[in-house]
Amino acid sequence: MQLNLSVYRYNPDVDDAPRMQDYQLEVAEGQDMMVLDALIALKEKDPTLSFRRSCREGVCGSDGVNMNGKNGLACITPISALKGSKIVVRPLPGLPVVRDLVTDMTQFYTQYEKIKPFLINDDKQPPSREFLQSPEEREKLDGLYECILCACCSSSCPSFWWNPDKFIGPAGLLHAYRFLADSRDTATDERLNGLDDAFSVFRCHGIMNCVSVCPKGLNPTKAIGHIKSMLLKRAV
Amino acid sequence: MVTGQASLKRNGVQDYVTTRATALIMTAFSLFMGWYFIATPDITYAIWNNLFSGLAMKVFTFVTLVSIMFHIRIGMWQVLTDYVKAPGLRAFIQFVINLTAFVYVVVGLFVLWGV
């Protein structure tokens, strides 16, 4: 069986403009594989092809790419799940391309840093061993802490494409709510102050592209809704 | 609210609440007008004139026009900051759009006044 792939190629040192390159891959009849396996096989044929990958099991978030128009992790997306006679692989949209499928994620991480992604606790006497939470308090973090920062969501969000310097983006806001919802965190007001402007949170118009592409099945739109509610309650 | 709307610096929470509140008013007006057109088989000038002669309808229409103005002001600022990156051009387009929306309110006020 022949597998047809079209892969985005761009080497700024050599190429004037990006181009799509067609590849054919021979696979056993009926055999399924992940898109990352196909890319690795292509790289054996053409060592100039560049992409990121590490854990190859959907945990590290390195190989976020756009496959047939939808963002996802190449390592956990089976070829059989992609419709059409050709598999089109492009880098994550909206982010500057370093080379081929490798993007510059500086803007993404800059927004992530803004939300102070660490526990802040100003209690004078921290517990000597550990911060205990009730099962109910811990449950509030489910669906939030699992984010692996692959950037599939933020790079599928038009608001992030147009304002990557001002809008935090779905991944950053999911993490922001993860700390706002944490019973051990005491910096709620400080965190909300940092988000209380016209761009950081409110540029989310709830189109839910982020929910549609999240490879971990998370719901950033819901978390953003909670942050909006917290900001509203503070204002009224 | 007035100070906030008049200032150039936008406030996320206030914009969020204002767009939703004005959307509710515009929806109510649209539903009312839709129902009126369906429920009234023959709309003559006299019937149309009579509809807008009541104070409640004048207020409802005027509030809707003002809502449209606020909704346009916030919504178009959001759209323009997305798609028009040159500050001068964006300011000019915003000026034209906001002025047009304001003209609609003023003209609407005079039309309602005359009924």
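Residues numbered from 1 in each chain as written. Chains lettered and ligands numbered in written order. Predicted model: local features only at pLDDT ≥ 70, side-chain atom pairs only at ≥ 80, totals over all residues. Heavy atoms only, no water.

(A) Structural context of the interface of chain B and chain A. Contacts between the two partners involve 11 residues from chain B, matched on the other side by 13 residues from chain A. Of the roughly 1100 Å² buried at the junction of chain B and chain A (both faces included), carbon and sulfur atoms supply 62%. The largest contributions to the chain B side of the interface with chain A come from V13, Y16 and D82 of chain B, which together make up 46% of the buried area. At the junction of chain B and chain A, the tally comes to 1 salt bridge. The residue D82 of chain B makes a salt bridge to R203 of chain A at a minimum N-O spacing of 2.8 Å. Our count for the contact surface shared by chain B and chain A stands at 7 residue pairs in polar contact (both at pLDDT 80 or more). Of all the secondary structure elements, the ones that give two or more residues to the side of chain B that touches chain A are α2 (12–39) and α4 (55–83) of chain B. Sorting elements by how many residues they give to the side of chain B that touches chain A places α4 of chain B first, with 5 residues. Grouping the amino acids of the side of chain B that touches chain A by side-chain chemistry returns 5 nonpolar, 3 polar and 3 charged. (Contact = heavy atoms within 4.5 Å. Buried area = accessible area lost by both parts, 1.4 Å probe. Salt bridge = Lys/Arg side-chain N within 4 Å of Asp/Glu carboxyl O. Polar contact = N/O pair within 3.5 Å; in protein donor to acceptor, adjacent residues only side chain to side chain. Helix = DSSP H or I, 4+ residues; strand = E, 2+ residues; numbered from the N terminus. Nonpolar A, V, L, I, M, F, W, Y, C, P; charged D, E, K, R; others polar.)

(B) Region of the structure containing the pattern of salt bridges. All names here are of chain A. For the coordinates displayed, the defined rule picks out 15 salt bridges over all chains. We note a salt bridge from R138 to D142, for which the minimum N-O separation is 2.8 Å. Note that D182 is salt-bridged to R178, the shortest N-O span being 2.8 Å. A relative accessible area of 3% places D182 in the buried class. Looking at R178, the relative accessible area reads 13%, which means it is buried. Members of the salt-bridge network, linked through shared partners, are R9, D46, R99 and D100. (Buried < 20%, exposed > 50% of the residue type's maximum accessible area, 1.4 Å probe, protein only.)

(C) Region of the structure containing the nonpolar core. Residues L5, L39, L195 and I227 of chain A are the most contacted members of the largest nonpolar core, which totals 66 residues. For this core, the element with the highest residue contribution is helix α5 (residues 170–180) of chain A, accounting for 6 residues. Beyond its immediate chain neighbours, meaning those up to four positions away, L39 of chain A contacts V7, L49, F51, A74 and L101 of chain A. One finds F29, M33, Y36 and L51 of chain B within the second-largest nonpolar core, a separate group that totals 7 residues. (Core = buried A, V, L, I, M, F, W, Y, C linked by side-chain atoms within 4.5 Å.)

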